[in-house]
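Overview (structure and organization)
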Amino acid sequence: MRAVTWQGRHDVRVETVPDPIIKEPTDAIIRITTTGLCGSDLHLYEVLTPFMTPGDILGHEPMGIVEETGPEVTQIKPGDRVVVPFQIACGHCWMCRTGLPTQCETTQVAEHGTGAELFGYTKLYGAVAGGQAEYLRVPQAQYGPIKVPEGVHDDRYVYLSDVLPTAWQAVEYAEVPRGGTLAVLGLGPIGIMACRVAKVQGLADRVIGVDLVPERLRRARADGVEVHDLNDYSGQEELVEAILSTTGGRGPDAVIDAVGTEAHGSPLGRTAQRATGLLPRDWAAKLTEKAGVDRLAALRLAIALVRRGGTISLSGIYGGMADPLPLMTMFDKQLELRMGQANVRRWADDIFPLLTDDDPLGVDGFATHRVPLEEAPRAYEMFQHKEDGAIKVLMRP
């Protein structure tokens with residue numbers, strides 16, 4: 001089959017690799033019909049390269065048709081149309097029953113002390129082959145895949161794999177009080193969808209968005225979000241003052257950081273990440289696990305911006321082990337901080353009723369680019385450099 005493989009920093013290729021096969025009685029084989037390119041994939045493109053191996057198959061936002069199932073998979077059958085959540089979870093352990101499948105005790109990667117295995121996402125999370133391919137082996141298929149109806153194009157459902165539950169959890173974790181104000185930092189796919197979720201849920205009277213990419217700002221403004229362009233301010237203090245002035249000097253009740261480790265305005269963190277990427281992989285992995293740092297501009301902005309007693313919800317990925325945080329400020333402001341990978345199956349039942357012809361979340365037109373799988377290298381480059389208005393890219397084998 002053809003698949004998108006990681007070969008090195010800023011180097012992905014579409015190659016012919018062996019077809020996946022059933023290995024365990026709880027496996028399924030899915031023929032991919034649509035697969036997404038996620039901002040998290042770009043972390044593998046540069047920041048998390050120490051944990052990658054040449055030939056790793058990328059991607060964690062797939063959907064398709066069931067081709068084959070193991071004997072213990074009974075809730076889906078060949079011919080069914082399914083979305084595959086990005087995490088691999090059993091559904092029956094204590095963590096899964098508690099609503100935390102990202103911490104599944106059956107698939108936790110004990111070797112690295114991390115949570116549930118993830119598709120296409122480094123040896124830290126099991127080095128499981130990803131979904132940017134023609135076919136995908138799905139472990140724990142007795143629980144993971146979400147069956148979806150026939151007769152509607154893939155765009156309606158593919159975001160159940162990651163974008164929708166990640167945005168939904170970000171808003172849930174933000175705990176915006178009814179009539180409150182929510183600020184969203186970063187208006188990429190997760191950030192803009194979080195704005196839409198907040199508006200659909202109807203708790204926040206105001207949703208404020210911050211970014212610096214014109215296409216993203218235009219899209220958010222069209223959704224009724226109050227946008228602030230980072231380019232209009234000389235620095236963080238000026239932006240914070242501008243937003244505070246619109247919230248009675250208090251600040252938003254909650255802030256979602258949908259940016260994560262690759263934030264703009266963090267030159268020292270960027271230099272450290274690039275330097276680590278130049279080391280031999282084994283050395284770099286050990287250094288990153290012990291003393292890795294993130295670019296913290298977005299998180300520091302969230303801490304400065306949120307009101308006292310407010311909540312910060314992190315959906316942007318951070319991977320540093322030695323990040324300096326202003327704990328005195330966080331303690332003094334009495335902030336609540338919530339974070340983590342989205343627990344897809346926990347939120348899927350809440351989201352599914354919104355995936356209708358009325359399309360209140362705007363999923364049908366959410367993708368800005370749809371390209372053949374063979375064009376993946378160019379899609380990665382375009383997405384990283386935010387060229388051609390690329391906000392969300394879908395690929396089709």
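Residues numbered from 1 in each chain as written. Predicted model: local features only at pLDDT ≥ 70, side-chain atom pairs only at ≥ 80, totals over all residues. Heavy atoms only, no water.

**A few points about helix α11 (residues 344-351)**
An α-helical turn contains 3.6 residues, so a residue and the one three or four places further along point in the same direction. As a reminder, the rule being used: Only protein chains enter the calculation, and the probe is 1.4 Å; a residue is then buried if its accessible area is under 20% of its type maximum, exposed if over 50%, and partly exposed in between. In this description a helix means any DSSP run of H or I spanning at least four residues, a strand means any run of E spanning at least two, and both kinds are numbered starting from the N terminus. It is the directions from the helix axis to the C-beta atoms that the arc portrays.
What α11 keeps buried is the set Val344, Trp347, Ala348 and Ile351. For α11, the angular spread of the buried residues around the axis is 125°, confining them to a single face.

**Quick word on the packing of aromatic side chains**
Heads up, the condition is: Between 30 and 60 degrees the pair is tilted, below 30 it is stacked and above 60 it is edge-to-face, where a pair is any two Phe, Tyr or Trp rings, Trp via its six-membered ring, whose centres lie within 6.5 Å. Geometrically, a charge over a ring is one whose NZ (Lys) or CZ (Arg) sits within 6 Å of the ring centre while staying within 35 degrees of the ring normal.
Applying the stated rule across the entire model yields two aromatic pairs. Here the aromatic rings of tyrosine 157 and phenylalanine 352 are separated by 5.8 Å at their centres, their planes lie at 20°, and the arrangement is stacked. Taken together, the residues tyrosine 157 in the loop between β8 (146-147) and α3 (163-174) and phenylalanine 352 in the loop between α11 and β15 (369-372) connect sequence positions 195 residues apart. Here phenylalanine 352 falls in the partly exposed class, since its relative accessible area comes to 25%. Positioned above the aromatic ring of tyrosine 173, the side-chain terminus of arginine 338 is 3.9 Å from the ring centre. In this structure, arginine 345 is placed above the aromatic ring of tyrosine 143, and the distance from its NZ or CZ to the ring centre is 4.9 Å.

**Re the domain arrangement of the chain**
Quick note on the threshold: Start and end positions for the domains come from either an automated domain assignment or a database one. Two parts placed together each lose some accessible area under a 1.4 Å probe, and the buried area is that loss summed for both. Any Lys or Arg side-chain nitrogen located within 4 Å of an Asp or Glu carboxyl oxygen qualifies as a salt bridge. Counting of polar contacts relies on pairs of N or O atoms within 3.5 Å, with two restrictions inside protein: one atom must be capable of donating a hydrogen and the other of accepting it, and residues adjacent in sequence are counted only when both atoms are side-chain atoms. Residues were grouped as follows: Ala, Val, Leu, Ile, Met, Phe, Trp, Tyr, Cys and Pro as nonpolar; Asp, Glu, Lys and Arg as charged; and all remaining residues, including Gly, as polar.
On domain assignment, one finds that the chain holds domain 1 (2-162 + 344-395) and domain 2 (164-339). With both chains or domains summed, domain 1 and domain 2 bury close to 3200 Å², and 66% of this area falls on carbon and sulfur atoms. The interface formed by domain 1 and domain 2 includes zero salt bridges. Applying the counting criterion to the domain 1 and domain 2 interface returns seven residue pairs in polar contact (both at pLDDT 80 or more). Where the side of domain 1 that touches domain 2 is concerned, the elements lending two or more residues are α1 (39-45) and α11. The class makeup of the residues in the side of domain 1 that touches domain 2 is 22 nonpolar, nine polar and eight charged.

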